[in-house]
Amino acid sequence: MLPALVLLLLLLCLPGMAGAATREYWVAAAPARWNAVPNGWDAIHGTAVDPAATVFPTVTYRRYTRGWRRPARLDREAGAGRIPGPLLRARVGDRILIHFKNLDTVARRRHSMHFHGVEYEHGSDGAFIPGFSGPGAVVPVGGTFTYELRAGRGSTGVWPYHDHSTAMDASIAGGMYGVLSILGRRERAPDREFVVAFAPMGTLQTVNGRAFVGNTPVFSARVGEVVQWDVIAMGSEHHTFHVHGHRWRGGDGVPLDTRTIGPAESFRVRWREDAPGAWLYHCHVENHMAQGMIGLYRVRR
Amino acid sequence: MLPALVLLLLLLCLPGMAGAATREYWVAAAPARWNAVPNGWDAIHGTAVDPAATVFPTVTYRRYTRGWRRPARLDREAGAGRIPGPLLRARVGDRILIHFKNLDTVARRRHSMHFHGVEYEHGSDGAFIPGFSGPGAVVPVGGTFTYELRAGRGSTGVWPYHDHSTAMDASIAGGMYGVLSILGRRERAPDREFVVAFAPMGTLQTVNGRAFVGNTPVFSARVGEVVQWDVIAMGSEHHTFHVHGHRWRGGDGVPLDTRTIGPAESFRVRWREDAPGAWLYHCHVENHMAQGMIGLYRVRR
Amino acid sequence: MLPALVLLLLLLCLPGMAGAATREYWVAAAPARWNAVPNGWDAIHGTAVDPAATVFPTVTYRRYTRGWRRPARLDREAGAGRIPGPLLRARVGDRILIHFKNLDTVARRRHSMHFHGVEYEHGSDGAFIPGFSGPGAVVPVGGTFTYELRAGRGSTGVWPYHDHSTAMDASIAGGMYGVLSILGRRERAPDREFVVAFAPMGTLQTVNGRAFVGNTPVFSARVGEVVQWDVIAMGSEHHTFHVHGHRWRGGDGVPLDTRTIGPAESFRVRWREDAPGAWLYHCHVENHMAQGMIGLYRVRR
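Turning our eyes to something else, we now look at the relation of the copies chain A and chain B. Overlay of chain A on chain B (RMSD 0.0 Å): rotation 120 degrees, translation along the axis 0.0 Å. Given the turn and translation reported, the copies of this chain are related as if by a three-fold rotation axis. Every residue of chain A has its C-alpha some distance from the rotation axis, and the shortest such distance is that of Asp252(A), at 2.9 Å. In this assembly, only 9% of the residues forming the interface of chain A have copies in chain B that are likewise at the interface, indicating a heterologous arrangement.

Next up, the structure:
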């Protein structure tokens, strides 16, 4: 009887134990020439957008292969990889090592990575505090630093990461932020995961660094799939995330279809898809919609 | 024994089944001459308000009798009917048909209705998307469209509706929005229901299109009544809804007396009235209070 | 058997009954010369701040000994006492008497106290409403008023209080606000309680009336202690409260490390401290951080 019970307990625990792992990511701050409105067009208002105001040099987080040998492929389905940076995935219980290299040979600024939601010792905080912070807060051009993080029991969810070095203000304005997505120990992954990062860029209001329908990510799903939206905001403004034709429940069980999000806040929204069509997702702040913070979500049968 | 059980089950289910219905509303986009400060006075600061800046032509949603024969009476107790438009009520399980007619013979713009919180097929979305949207997104002057909605299990609560056509920005600035209020299948209706729509109009900050105490709605209740506040916001700013002398619990059970609301967000607040007096309700953003977003709530014994 | 049961019930109830009390506070609106940046330095950006723009006369709430005989000592651990005013503590079930005196002999304005979260009769509302409010809303220079409050079952939490008299706008801009902290009837007090009041002062964004690391409060705790953050916001802007290296759960159980707070909203956050180091706490609105809304939290082993 007792051995059977022990075996049963072991079998119950194994899937969780098997999930715990050390995850390693190689990331660099890398120069990029960015075009926030590639098609030069605000389709909703039917007006042209001047490319002179929407193409500019910047520095963003980019995922690399082991040892920063070469850039890794982008996560196009999630709409991530350049702005926002790589979607970093883990599970509660995981140890996460982020190997960071500063390749900013253009602006030649010091950079760092500061992670929300995860546990770490003070040395991995990545935030510049005169007199208190260490090398992880001010990685010089050409330098490297490994941030050691743990996904604890209170880390389930989606979280921003961003530069918190001396040049933080300029870095964030240029798109130096990304998303951590952490599943519970035994939580099932969604079928589709979409990253929505609301942030201003100059006079534009962008989703993932792009403005206006046709430039912002077109997310896709099929009826029956479980979709997850990873929503963050960066900058100095509050937003309201809205998806047409869909509703979800907040953590308190109250139905929602629009939710406020302020700078560095984050939340995830899930549903099983049941509404075919070409839907809008957007920030519902009217000025932000008009300045480009809007995109398409296509659901096929 | 069995027939008795069946009968009992039937009796238990009947009230809910009886609640399910098809609700039809006849609504038009109708021109109006609007006065945001009818008494020309900011009573709290004791200053006159120039009528030249507060009276203007606009277009709002208005409820009509069947077949748009004549305007229906306004819902004065709830403070709704012109700005915001009619308070549209339903219950979970209901089918809702909104017969919309564009009577905007003044600005002669195309208009639509986009509903939050409810379920609908793509054709009833009411939002203009070049290449994807249909006739319900761009109803021409003189034209009609019927939006077919369902109040699903995730539709309980209060929700905004608003123009989402090509002229959406100007329409919302002029007051083209309203509130849907959906009760649970067997939920008891409140004794009093008050609509509070926070939105800017020009340089004013309004409640239901009016600014300053004495112009904004005066809501009334008696001790012992269950009162419900239907709060929405439209425009480009975030607000905080506050009622003096009262508290309520959020969906998570935490006591509140002030709550953030951003554009197109919505929530309802309920309590059994126990505090007689003449109370203020207002947006607690200081500038918004000073620009008129404040009113009176009178509770009698 | 029965007498034993009655005795047991009595013993169980006594701690709660013993907690109910009448708490009296003596508070005055008192002139002060305030320096928002005493060290004249923005340490994060390494720039000097002009004292001409950061030192000014103002009026704040200050706690006094019984009968307003002399100012009481400040609550330095909580970072309260001048801006924000005294941290007023109570428990659910308590009656709270706030004896207020207007000592504003400088600006010579009428003042009041309006309390969030607690129960009171209309006469203790403290808000000026022409035609409806009484003497508690407009206490003249040299005058006094006693606000009679009750901490009800829906009063657990932290709440702002502030001037709501005719000069409310100027008073709040000058720092005339404070925090009420109300524990549940039998709730254990935290080991450390920190007040964080986000509000603008001129062009600065302040925590407790101070701007920039080294001027804003330095909060301190030790590993193993239960710490509580009492967060409020005043003014016209929304903020996001963030503490580095820590997470907590919202009322709905969802993990957070950043949370939106708008004018007059308030919440408390608790955790058992387990992360030694010198951490930043700040508003995550980027412009607000840059304008001073940031401070240090030191955790010792």
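Right, let's talk about the environment of His246(A) for a bit. All names here are of chain A. You can see His246 is positioned in the loop between β15 (239–243) and β16 (248–249). When the C-alpha atoms of His246 and Tyr281 are compared, they prove to be 9.9 Å apart, with 35 residues separating the residues in sequence. Those residues in contact with His246 that sit more than four places away from it in its chain are Asp257, Trp271, Glu273, Ala275, Trp279 and Tyr297. In this structure the side chain of His246 is engaged in a polar contact, spanning 2.7 Å, whose partner is the backbone oxygen of His244. Within the structure, the side chain of His246 is placed 2.7 Å from the side chain of Glu273, a separation counted as a polar contact.

In this section: the relation of the copies chain A and chain C. The transformation that overlays chain A on chain C combines an axial shift of 0.0 Å with a rotation of 120 degrees, and the residual RMSD is 0.0 Å. When you check the interface residues of chain A against chain C, a mere 9% turn up at the interface there too, and the two sides of the contact use different surfaces.

Before going further, it helps to spend a moment on the side chain of Asp104(C). Residue and element names in this part refer to chain C. Note that Asp104 resides in the loop between β6 (95–102) and β7 (114–115). It is Arg109 that comes nearest to the buried, bridge-free Asp104 among opposite-charge side chains, at 5.6 Å. Within the structure, the side chain of Asp104 is placed 3.1 Å from the backbone nitrogen of Arg109, a separation counted as a polar contact. Among residues more than four places away in sequence, those in contact with Asp104 are Ala29, Pro31, Val59, Arg109, His111 and Val141.

Scoring rules and cut-offs
Residues numbered from 1 in each chain as written. Chains lettered and ligands numbered in written order. Predicted model: local features only at pLDDT ≥ 70, side-chain atom pairs only at ≥ 80, totals over all residues. Heavy atoms only, no water. Least-squares fit on C-alpha atoms with pLDDT ≥ 70 in both. Contact = heavy atoms within 4.5 Å. Helix = DSSP H or I, 4+ residues; strand = E, 2+ residues; numbered from the N terminus. Polar contact = N/O pair within 3.5 Å; in protein donor to acceptor, adjacent residues only side chain to side chain. Buried < 20%, exposed > 50% of the residue type's maximum accessible area, 1.4 Å probe, protein only. Lys, Arg positive; Asp, Glu negative; His and termini not counted. Salt bridge = Lys/Arg side-chain N within 4 Å of Asp/Glu carboxyl O.

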